[in-house]
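Chains, contacts and geometry: an overview
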Amino acid sequence: MSVNFLELAVSGVQGLHPYQPGKPTDELARELGINEADIVKLASNENPLGPSPAIEDAIKAQLAELTRYPDGAGFELKAELCERLGVEMNQITLGNGSSDILDFIVRVFVEKGDNVVVAQHAFSIYGLVTRAAGGDVIEVPAKNWGHDLPAMAAAINDKTRIVFLTNPNNPTGTYNTREELEAFLKLVPENVVVLLDEAYFEYVNKDDYPSGIDYLNQYPNLVVSRTFSKAYGLASLRVGYGISSPELADLMNRIRPPFNVDSFALAAAKAALCDDSYLARSVEVNNQGMAQLTGAFDELGLEFIPSVGNFVSFKLPEAFEDKAVNQALLQQGVIIRPVANYDMPGYIRVSVGTQAENQTFIDALKKVLA
Ligand SMILES: *Cc1c(COP(=O)(O)O)cnc(C)c1O
């Protein structure tokens, strides 16, 4: 007689499917029997540059402190963030990756019977953490692949606790303008939280792209989340943060595990934050790589969704099936991400790599589509 633990799990968890990460390079190397170094992974929007050299000493210095708990308040990192962003310490919530912030805000506000509003083609974690908390997800159809903000505001009902915006959105790479965001914030009732996920903020190079931080004073119901996983090149260390009114930060900090960001991550994030030249190089390599990839798509006659992030989604010709193309690329040691599970069948998302990585991908894709 064995216990059926699935039946015992809370109802929200029973129906969940785990988040699907990009395939790790060592796993594919084992499967293909080739060197890990020969694999090109453009599947998780990671920084292709390798870490900032500035973090090495910061990490080494922490080795001697390995037996000690980290600074649970993250004072030094928060102080640096405050100075750079022009906010106060009590407005920041540190996360083990910005995914933590998404989870905290949901656990603070959502219980059974409540709902959150998300956009079609949006990051899957919002729905995952909401369902785990017993909440429902209202998905609003996209417009030209992007968030339809007036429709999202109109979808809010008396059970809505949070609206999730991703600016720019992953995996479509679309963004909402300052004007659109301002009109939206005005429409949202003040008792509904707006979580503005700016994971790719640093890459965007558009005059009409807004910084959520500019609206914090006016909107105490706004939480902006950012991360060190992308442009700062620290995906492995797991550091992100929320910036909000002190009231919302206080609530999130009540459920934040006391040592959710470890000493290495805190020290490396601070060093990466101070390395302005690394950030500038990340953005420059991304701009060049984006031009390289979209140039190749044009040459191949492939439709793509113009992206302001460090990734771009393109459409396969009708005769090709995304699963098969994915397999064929994997056979050539190239890892990309089919995005059918984002309601985008026939599309593939590729992260922008180094020039050489992009070229390897382009050559492999040409072979597969030949
Ligand atoms: C990558 C990504 C994040 C960042 O996740 P971390 O937990 O900070 O690594 C958040 N939101 C979106 C939309 C992302 O694509």
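**What about the packing of helix α12 (residues 276-300) against helix α14 (residues 355-369)?**
At a minimum axis distance of 9 Å, the contact between α12 and α14 shows a crossing angle of 15°. The orientation of α12 relative to α14 falls into the category roughly parallel. Once α12 is placed against α14, the crossing between them reads as right-handed. In this structure, α12 uses G289, Q292, L293, A296, F297, E299 and L300 to contact α14, whose residues at the interface are Q355, N358, Q359, F361, I362, L365 and K366. The residue makeup of the contact of α12 with α14, split by class, is seven nonpolar, five polar and two charged.

**Observations regarding the site of the ligand**
Near the ligand there are 13 residues, and of these S99, Y200, T227, S229 and K230 occur at the shortest range. Here S99 contributes a side-chain N or O atom positioned 2.5 Å from an oxygen atom of the ligand. Separating a nitrogen atom of the ligand from a side-chain N or O atom of D197 is a distance of 2.7 Å. For the shell around the ligand, the residue count by class is three nonpolar, seven polar and three charged.

**Topic: helix α9 (residues 178-187)**
Residues of α9 that are buried include every one of L181, F184 and L185, and no others. The buried residues of α9 occupy an angular sector of 100° when the element is viewed end-on, so they sit on one face. Seen from the buried face of α9, the exposed residues on the opposite side, beyond 90 degrees, are E179, K186 and L187. Taken together, the buried residues of α9 touch α8 (149-155), β5 (160-166), β6 (193-197) and β7 (222-227).

**Describing the nonpolar core**
Grouped together as the largest cluster of nonpolar side chains are 78 residues, with contacts concentrated most on F164, F184 and F228. Looking at this core, the element that brings in the most residues is helix α11 (residues 263-274), giving eight residues. Formed jointly, this core draws a minimum of three residues from each of two domains, domain 1 (5-50 + 277-369) and domain 2 (53-274). Residues contacting F164, with those up to four places away along its chain left out, are L102, I105, V106, V116, V117, V118, Y126, T130, H147, M152 and L195. The next biggest cluster of nonpolar side chains, apart from the first, holds 23 residues, and it includes I336, V352, L365 and L369.

**Quick look at the state of the cysteines**
Following the criterion strictly, the structure yields zero disulfides and no others. The thiol of C82 is unpaired, and the distance to the nearest cysteine sulfur, on C274, comes to 13 Å. For C274, a relative accessible area of 35% gives the class partly exposed.

**Digging into the side chain of T172**
Residue placement: T172 occurs in the loop between β5 and α9. At a separation of 2.8 Å, a polar atom in the side chain of T172 contacts the side chain of T174. Ignoring anything within four residues of it in the chain, the contact list for T172 reads H121, W145, I305, P306, S307, F311 and M344.

**Examining the domain arrangement of the chain**
If you check the domain split of the chain, you get domain 1 (5-50 + 277-369) and domain 2 (53-274). In this assembly, 30 residues from domain 1 lie in contact with 29 residues from domain 2. Buried surface at the junction of domain 1 and domain 2, summed over both partners, amounts to about 2500 Å²; 64% is from carbon and sulfur atoms. The interface formed by domain 1 and domain 2 contains zero salt bridges. The interface formed by domain 1 and domain 2 holds 13 residue pairs in polar contact (both at pLDDT 80 or more) in total. For the side of domain 1 that touches domain 2, the leading source of residues is α12, giving five residues. Here the side of domain 1 that touches domain 2 is built from residues that sort into 16 nonpolar, twelve polar and two charged.

Rules and cut-offs
Residues numbered from 1 in each chain as written. Predicted model: local features only at pLDDT ≥ 70, side-chain atom pairs only at ≥ 80, totals over all residues. Heavy atoms only, no water. Axes fitted to C-alpha atoms, helices over the stretch in contact; angles between N-to-C directions. Helix = DSSP H or I, 4+ residues; strand = E, 2+ residues; numbered from the N terminus. Parallel < 35°, antiparallel > 145°, perpendicular 65-115°, else oblique. Left-handed = near helix turned anticlockwise from the far one by under 90°. Contact = heavy atoms within 4.5 Å. Nonpolar A, V, L, I, M, F, W, Y, C, P; charged D, E, K, R; others polar. Near = heavy atom within 4 Å. Polar contact = N/O pair within 3.5 Å; in protein donor to acceptor, adjacent residues only side chain to side chain. Buried < 20%, exposed > 50% of the residue type's maximum accessible area, 1.4 Å probe, protein only. Arc of directions from axis to C-beta. Core = buried A, V, L, I, M, F, W, Y, C linked by side-chain atoms within 4.5 Å. Domains from an automatic or database assignment. Disulfide = S-S within 2.5 Å. Buried area = accessible area lost by both parts, 1.4 Å probe. Salt bridge = Lys/Arg side-chain N within 4 Å of Asp/Glu carboxyl O.

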